[in-house]
Amino acid sequence: MGHYLWIPILCLLTCGCSKEPSPETGPGQLHSLRVAFVAEEPRTRSLSDGEERRIDDLNVWIYDTGRDFSKHLYLTGTDRLQLELTAGEYECFLVANQGVSVGGLPYERMETLGTNTGTEAKLTEKGRLVMSARAILRTGAGTQTVALRRVVAKVRMRIVLGTSLDPRTVIDRISLGNHPNLVALFGDNKLKPYQGTCVYPGRTGIGSRDFTAEFYVPENLQGQVPSVTSEAQRNERNAPSGASYVVIGTRNDYYGRRMDYRVYLGTGDPSDFNVPRNTILDYAVNILGENTSDLRVTVSAN
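Report follows, based on the coordinates. Not measured: the values here are computed from a predicted model.

Definitions and limits used
Residues numbered from 1 in each chain as written. Predicted model: local features only at pLDDT ≥ 70, side-chain atom pairs only at ≥ 80, totals over all residues. Heavy atoms only, no water. Phe/Tyr/Trp six-rings, centres within 6.5 Å; stacked < 30°, edge-to-face > 60°. Helix = DSSP H or I, 4+ residues; strand = E, 2+ residues; numbered from the N terminus. Buried < 20%, exposed > 50% of the residue type's maximum accessible area, 1.4 Å probe, protein only. Lys NZ or Arg CZ within 6 Å of the ring centre and 35° of its normal. Salt bridge = Lys/Arg side-chain N within 4 Å of Asp/Glu carboxyl O.

## With respect to the packing of aromatic side chains
So, step 1. Applying the stated criterion across every chain yields a total of eight aromatic pairs.
So, step 2. Centroid distance Y63 to Y107: 5.2 Å. Interplanar angle 90°. Geometry classified as edge-to-face. Remark: Y107 occurs in the loop between strand 5 (89-96) and strand 6 (114-116) and Y63 occurs in strand 2 (residues 57-64); sequence separation between them is 44 residues.
So, step 3. Ring plane angle 80° and centroid distance 5.0 Å describe the contact between F93 and F186, whose orientation is recorded as edge-to-face. With F93 in strand 5 and F186 in the loop between strand 11 (182-184) and strand 12 (203-208), this pair connects stretches of sequence that are 93 residues apart. Each of the two residues, F93 as well as F186, counts as buried.
So, step 4. A network of ring pairs unites the aromatic residues Y63, F93, Y107 and F186 as a single cluster.
So, step 5. It is R168 that lies over the ring of Y254; its NZ or CZ is 3.8 Å from the centre.
So, step 6. Stacked on the ring of Y245, the Lys or Arg R262 has its end atom at 3.9 Å from the ring centre.

## Looking at the pattern of salt bridges
Two side chains bearing opposite charge may form a pair once their charged atoms approach each other closely.
So, step 1. Summed over all chains, the structure comprises 20 salt bridges.
So, step 2. Here R128 and D56 are joined by a salt bridge, their closest N and O atoms 3.0 Å apart. Here D56 lies in the loop between helix 2 (49-53) and strand 2 and R128 lies in the loop between helix 3 (120-123) and strand 7 (131-138), a separation of 72 residues in the sequence.
So, step 3. For R128, a relative accessible area of 10% puts it in the buried group.
So, step 4. Accessibility expressed as a relative area gives 27% for D56, which makes it partly exposed.
So, step 5. In this structure, a network of salt bridges that share partners links the residues D172, R173, R251, D253, R258 and D260.

Structure representation (structure tokens):
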């Protein structure tokens, strides 16, 4: 449960706005609009529970149904908003934790407004996650709640080397690929050809046979491939070219051999290569052998 802090209306109304209602609108025609903001479930777990729910600041854009009235507000230290507006229905766009006032924007700009996901550090900058929401609000409806959704998914991966592998083989490194470096805040995201990708620092020198990795990845909706009906078919030949993946590397110094195992991310169905925002993706990866005929496996000498 968030801590609620009520801010005087005057303060909210002077936080930055544009295109006020027509001066013909009299005070008697104004109606109250009250909104509470919360972080939508399910929660991700890389940060602490409190950090995952943090709403440090909010950029709020409000447009009427005719789109000829707009207001931008930049709020800090509160998860609630109260305004007096002409009676009616309004479309509201919200972004949490950008750390800066974006300013007033035309309605058409909302469809392409994005956030930088160029590095892993950027995803959790200042111990918080960027969130967004789009909602229809109505005056006189009491306090309306808007759920903000994180623009990233959380991946939790347990990697275990099976007993059939030589006991001198260890997990050596983990790398990530095909994660977009920019995501739209109010639309679906799919890594495009030639688009840049999020840069993750190398996880190397692990040296164990059992390892748990946790990380955030930006939304990447690559769709389904109906012809893929088993995990063994989730390989580079069959997956969409922009599908997100994790490479797990093993090392055996005795034989001078390195193996790479590619795991494509998705929501669970073998044909699915979607990584939706605000989800938790759990993987139990059991590496049972060094079958180089498996297209998910590559081998190279040390």
